[in-house]
Structures are given as structure tokens and as C-alpha cells.
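# Inside the fold
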Amino acid sequence: MLQLEVSTDWLKLYILHNTEEEILNFIKREPMVAFVLLNAPRLLETTFPGSPLTLEIGHDPEIETRAEYLILTVQTELDTKEAIKRERQFTEEHWNSLTYFVSNRIMLDVE
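## Concerning the overall build of the protein chain
- A tally of regular secondary structure across the protein chain gives four helices and three strands.
- Going residue by residue from the N terminus, the α and β elements of the protein chain occur as α-α-β-β-α-α-β.
- Relative to its 111 residues, the protein chain shows a buried fraction of 36%.
- Expressed as a percentage of contacts within the protein chain between residues at least 6 apart in sequence, the contacts between residues at least 24 apart total 62%.
- By element, 53% of the accessible surface of the protein chain is carried by carbon and sulfur atoms, the whole surface being about 7,600 Å².

Okay, structure coming up:
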């Protein structure tokens with residue numbers, strides 16, 4: 001099995017309510033999300049320049065299995081109409097190209 005070692009120091013910049021260990025454990029359980037997390041800041045910067053990002057683990061109480069997912073939040077200063085437009089643009093250009101499994105492990109939230 002191919003194993004890739006990558007520095008995770010950058011994760012500390014985005015973690016909101018969870019500990020770094022909780023986020024890393026999630027990534028270890030769901031390794032396919034690592035690619036998305038490595039690329040998301042750069043991709044989101046092109047759509048939401050200068051907007052801070054946060055990362056946390058969410059829980060869906062209605063789903064018994066695989067109830068955890070990551071929430072990647074963009075905190076934008078854009079007006080609502082422009083933020084919605086850019087979120088749709090980002091979804092069409094990047095988010096929709098992810099596999100079903102990965103997109104259900106990561107949620108994008110624009111606030």
C-alpha cells in the first residue's frame with residue numbers, strides 16, 4: 001500500500017471546535033478527504049479572496065452509521081447575493097467533481 005507523509009501543521013490554522021487529534025483521526029478513517037483538504041484553501045482563495053476558513057467535525061444524529069463529516073466553512077464579507085453566486089460557481093467548478101463518498105464526508109458552508 002502506498003503511504004504518503006504530509007505535514008499537517010497547516011491544519012492548525014483552520015481548526016475551530018475540535019482538537020487537531022480529532023481532525024487527524026477523522027482523516028485517518030477517511031483518507032480520501034486528505035486530497036480535498038490539501039487543495040481546498042487554494043481553490044477557495046480564488047473564489048473567496050481573503051476569506052478566513054474554519055474546519056470542524058459535524059455529526060448527523062439522524063444517520064446511525066458514518067454520522068461524522070467535516071465542515072469546511074468560508075467566512076466571507078461579501079453581500080449575500082454575491083456569496084451565493086460564488087458558492088454556486090465553486091460548487092460547479094470544484095465541489096461537484098468529487099466522488100460521492102468524499103462529498104458526503106465534507107460539507108462546504110459559506111457564511
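Next, the rest of the story.
## Brief notes about the sheet that holds strand S3 (residues 106-110)
- In spatial order, the strands read S1-S2-S3; together these three strands make up an open sheet with mixed pairing. Since the sheet does not close on itself, it has two edges, and those belong to strand S1 (53-59) and S3, each with one partner. Averaged over all pairs of adjacent strands, the angle between strand axes in this sheet comes to 25 degrees, irrespective of strand direction.
- Where S1 lies against strand S2 (residues 68-74), seven bridges are found, and the strand directions are antiparallel. Its bridge partner lying in S2, leucine 55 is registered against leucine 72.
- Together, S1, S2 and S3 form the strand contacts of helix H2 (residues 33-47), whose direction differs from that of S2 by roughly 10 degrees.

## Brief notes about the confidence of the model for the protein chain
- Summary statistics for the protein chain give a mean pLDDT of 81 and a share of 79% for residues scoring 70 or more.
- At the low end of the mean pLDDT range in the protein chain sits helix H4 (residues 100-103), at 69; at the high end sits helix H3 (residues 80-93), at 94.

## Some remarks on the packing of aromatic side chains
- Taken as a whole, this structure holds one aromatic pair when the rule is applied.
- Taken together, a centroid distance of 5.9 Å and an interplanar angle of 40 degrees make the contact between phenylalanine 90 and tryptophan 95 tilted. Of the two residues, phenylalanine 90 and tryptophan 95, neither departs from the other in class, the shared state being buried.

## A few points about the pattern of salt bridges
- Following the criterion strictly, the structure yields three salt bridges and no others.
- The residue glutamate 82 makes a salt bridge to arginine 86 at a minimum N-O spacing of 2.7 Å. Residue glutamate 82 and its partner arginine 86 are located together in helix H3, separated by four residues, close to a single helical turn.
- Since its relative accessible area comes to 22%, arginine 86 is described here as partly exposed.

## With respect to the nonpolar core
- Core analysis: the largest hydrophobic core is formed by 23 residues, its most contacted members being Val33, Leu44, Leu70, Leu72, Val74, Trp95 and Ile106.
- For this core, the element with the highest residue contribution is H2, accounting for six residues.

Reading the values: the criteria
- In this convention, every chain numbers its residues from 1, walking through the sequence in written order.
- Whole-chain, interface and lining totals are the exception, using all residues; otherwise, since this is a predicted model, local features are given only for residues with pLDDT of at least 70 and side-chain atom pairs are given and counted only at 80 or more.
- The basis for every side-chain value is the complete set of heavy atoms in the structure, and neither hydrogens nor water enter the calculation.
- Helix and strand assignments come from DSSP, with helices taken as H or I runs of at least 4 residues and strands as E runs of at least 2, each series counted from the N terminus.
- In this scheme, a residue with accessible area under 20% of its type's maximum is buried, one over 50% is exposed, and one in between is partly exposed, where area comes from a 1.4 Å probe on protein chains only.
- Two residues form a contact once any of their heavy atoms are found within 4.5 Å.
- Reported accessibility uses the Shrake-Rupley method at a 1.4 Å probe radius. Residues are deemed covered only where the shown protein chains occlude them.
- In this scheme, strands are said to pair when DSSP sees at least two bridges between them.
- Lines fitted to C-alpha atoms define the axes here, with helix axes fitted over just the stretch in contact, and angles between the N-to-C directions of these axes take values from 0 to 180 degrees.
- For every residue, the predictor states its confidence as a pLDDT score lying anywhere from 0 to 100.
- To pair, rings of Phe, Tyr and Trp, with the six-membered ring standing in for Trp, must have centres within 6.5 Å; the planes then decide the type, stacked if under 30 degrees apart, edge-to-face if over 60, and tilted in the middle.
- Salt-bridge detection follows one rule: a side-chain nitrogen of Lys or Arg within 4 Å of a carboxyl oxygen of Asp or Glu.
- Buried residues of nine kinds, namely Ala, Val, Leu, Ile, Met, Phe, Trp, Tyr and Cys, make up a nonpolar core once their side-chain atoms join them within 4.5 Å.

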